[in-house]
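Fold and geometry: a report
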Amino acid sequence: MADLPSDKVDEAKQVFEVFDKKYEGKVDSYYIGDMLRSLGLYPTQAECEKRGQTKKTGEKTLKVEEFLPIYSEFYKMPAKNFGTYEDFMEGLKLFDKESNGLMSLAELTQVLVAMAEKLEPRIVEEILRSTNTKDDAEGMFNYEVFVRALLQGPFPNEST
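Rules of the game
- Residues numbered from 1 in each chain as written.
- Predicted model: local features only at pLDDT ≥ 70, side-chain atom pairs only at ≥ 80, totals over all residues.
- Heavy atoms only, no water.
- Phe/Tyr/Trp six-rings, centres within 6.5 Å; stacked < 30°, edge-to-face > 60°.
- Helix = DSSP H or I, 4+ residues; strand = E, 2+ residues; numbered from the N terminus.
- Buried < 20%, exposed > 50% of the residue type's maximum accessible area, 1.4 Å probe, protein only.
- UniProt positions renumbered as here; feature names shortened; annotations may be inferred.
- Salt bridge = Lys/Arg side-chain N within 4 Å of Asp/Glu carboxyl O.
- Axes fitted to C-alpha atoms, helices over the stretch in contact; angles between N-to-C directions.
- Parallel < 35°, antiparallel > 145°, perpendicular 65-115°, else oblique.
- Left-handed = near helix turned anticlockwise from the far one by under 90°.
- Contact = heavy atoms within 4.5 Å.
- Nonpolar A, V, L, I, M, F, W, Y, C, P; charged D, E, K, R; others polar.

Describing the packing of aromatic side chains
Each aromatic ring pair is characterised by the separation of its centres together with the angle its planes make. Across all of its chains, the model carries 6 aromatic pairs by this definition. Pairing Phe67 with Tyr71 gives two aromatic rings, centres 6.3 Å apart and planes at 5 degrees, and the pair type is stacked. Linking Phe67 with Tyr71, this pair stays in helix 4 (residues 64-76), spanning 4 residues, or about one helical turn. No difference in accessibility class separates Phe67 from Tyr71, as the two residues are buried. Judged by centre distance (5.8 Å) and plane angle (50 degrees), the ring pair of Tyr71 and Tyr75 falls under tilted. Highlighted residues: Tyr71 and Tyr75, both in helix 4, separated by 4 residues, approximately one helical turn. The class of Tyr71 is buried, set by a relative accessible area of 0%. By way of ring pairs, the aromatic residues Phe16, Phe67, Tyr71 and Tyr75 are connected into one cluster.

Brief notes about the UniProt feature "domain: EF-hand" (unreviewed entry) in the protein
Sequence positions flagged by UniProt for "domain: EF-hand" (unreviewed entry) are, in local numbering, residues 7-42 and 83-118. This span, residues 7-42, is 56% helix and 8% strand, and a straight line between its end C-alpha atoms measures 20 Å.

With respect to the pattern of salt bridges
Overall, the coordinates contain 8 salt bridges when judged by the stated rule. Linking Arg122 and Glu120 is a salt bridge whose minimum nitrogen-to-oxygen distance equals 3.1 Å.

Observations regarding the packing of helix 6 (residues 105-114) against helix 7 (residues 121-130)
At a closest axis distance of 9 Å, the pairing of helix 6 and helix 7 adopts a crossing angle of 135 degrees. One way to sum up the angle between helix 6 and helix 7 is to call them oblique. In this structure, the crossing between helix 6 and helix 7 has a hand that is right-handed. For the pair formed by helix 6 and helix 7, the contact residues are Leu105, Leu108, Thr109, Leu112 and Val113 on the first element and Pro121, Val124 and Leu128 on the second. Tallied by class, the residues present in the contact of helix 6 with helix 7 amount to 7 nonpolar, 1 polar and no charged.

Written as structure tokens, this is what we have:
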């Protein structure tokens, strides 16, 4: 099914069931990216929207049979198509003015909200909360700890 190993099909079905909040065999298409991230992949919003993810909840649903080919497509992509630990660290080092592993949390928030693939402020807040990222008295945080928590998932502080 969907040209995936059977253990990956089972894993995808389990994740799909978690997102099937009404137990109807359907998931809101808004959550395609979240499901893929729960499966250890790191697609961009744009990549997910190309494959049917909606910008708002309640616009469209999909069945597991429709999700599996999407998962299969991302699963088969080479890892270099996704942001890796090294990619994130290299990008964030640009904001590490003192080369001490720290950057401004306000600056990270501004970058995520205003640059490239813009995130909504509430999404940034959710990411920071889910990764337990807080700034110190000077407004700085250790971005390596943040990147490791971000890529680790699922997030231990997230309530389901």
